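In case you want the letters, here they are:
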Amino acid sequence: MLSAGNRMRRSTEFDATVRHGLRIVQPDAIVYVRRSDEPDGSGPRVGLIIAKSVGTAVDRHRVARRLRHVARPMLAALHPGDRVVIRALPSSRDVSSAWLEQQLRSGLRRAFALAGTDR
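The following paragraphs examine the structure supplied in this document. (Residues numbered from 1 in each chain as written. Predicted model: local features only at pLDDT ≥ 70, side-chain atom pairs only at ≥ 80, totals over all residues. Heavy atoms only, no water.)

Concerning empty space enclosed by the protein
Selection rule: Both cavities and pockets are sets of points on a 1 Å grid over the protein atoms alone; in a cavity a 1.4 Å probe fits but cannot get out, in a pocket the set is open with protein on both sides within 12 Å along at least five of seven lines, and lining residues sit with an atom within 4 Å of a point. Grid points are joined across faces, edges and corners, and a volume is the space filled by probe spheres set on the points. Helix and strand assignments come from DSSP, with helices taken as H or I runs of at least 4 residues and strands as E runs of at least 2, each series counted from the N terminus. Under the scheme applied here, ten amino acids are nonpolar (Ala, Val, Leu, Ile, Met, Phe, Trp, Tyr, Cys and Pro), four are charged (Asp, Glu, Lys and Arg), and all others, including Gly, are polar.
Counting across every chain of the model gives one cavity of 30 Å³ or more. The computed volume of the largest cavity comes to approximately 40 Å³. Val46, Ala71, Met74, Leu78, Val84, Ile86, Leu104 and Leu108 together form the lining of the largest cavity. Those elements giving two or more residues to the lining of the largest cavity turn out to be β4 (82-88) and α3 (97-115). Along the lines of polarity and charge, the residues of the lining of the largest cavity split into eight nonpolar, no polar and no charged.

Written out as structure tokens, the structure is:
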């Protein structure tokens, strides 16, 4: 699971990342990445958006747990000022955690390549 310091909690952080970050579309998720020039010292932060279209409350919580689980090992590869929002698409409830991890890794790689950053 993600530690409290690595979770996005404020809607302003979500809004800024979604509006001003890079948007990478994957088959089962959309990954938004934004790098802050002035990191606040708390490290990278990850936020999840799981809409009702993903399924029932049980389905949504299952998808959220799996996404948090696959996002945790990737924190070490992120810059302290990075903000990542993962928007789960309805098809995410039917795929494996390994597939979600592969999509997240691919999305982050593409975002950093597009941004021309080292990570």
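What follows continues from the structure just given.
Notes on the layout of surface pockets
Counted as a void, the largest pocket has a volume near 240 Å³. Looking at the largest pocket, the residues that line it are Leu2, Arg7, Met8, Phe14, Val46, Gly47, Leu48, Ile50, Arg60, His61, Ala64 and Arg68. For the lining of the largest pocket, the secondary-structure elements that each account for two or more residues are β3 (45-50) and α2 (57-71). Class assignment for the residues of the lining of the largest pocket results in seven nonpolar, two polar and three charged.

Some points on the nonpolar core
This is how it is decided: What makes a nonpolar core is a set of buried Ala, Val, Leu, Ile, Met, Phe, Trp, Tyr and Cys residues whose side-chain atoms join them at distances within 4.5 Å. Relative accessibility under 20% of the residue-type maximum defines a buried residue, over 50% an exposed one, and the middle range a partly exposed one, all with a 1.4 Å probe and only protein chains included. In this description, contact between two residues means that some pair of their heavy atoms is separated by no more than 4.5 Å.
Ranked by internal contacts, the top residues of the largest apolar core, which has 23 residues, are Val84, Ile86, Leu104 and Leu108. Going through the elements one at a time, β2 (29-35), α2, β4 and α3 are the ones with two or more residues in this core. Top contributing element to this core by residue count: α3, with five residues. Apart from the residues lying within four places of it in its own chain, the contact partners of Leu104 are Val31, Val70, Ala71, Met74 and Ile86. Counting five residues, the second-largest nonpolar core is a separate cluster that includes Met8, Ile30, Tyr32 and Val85.

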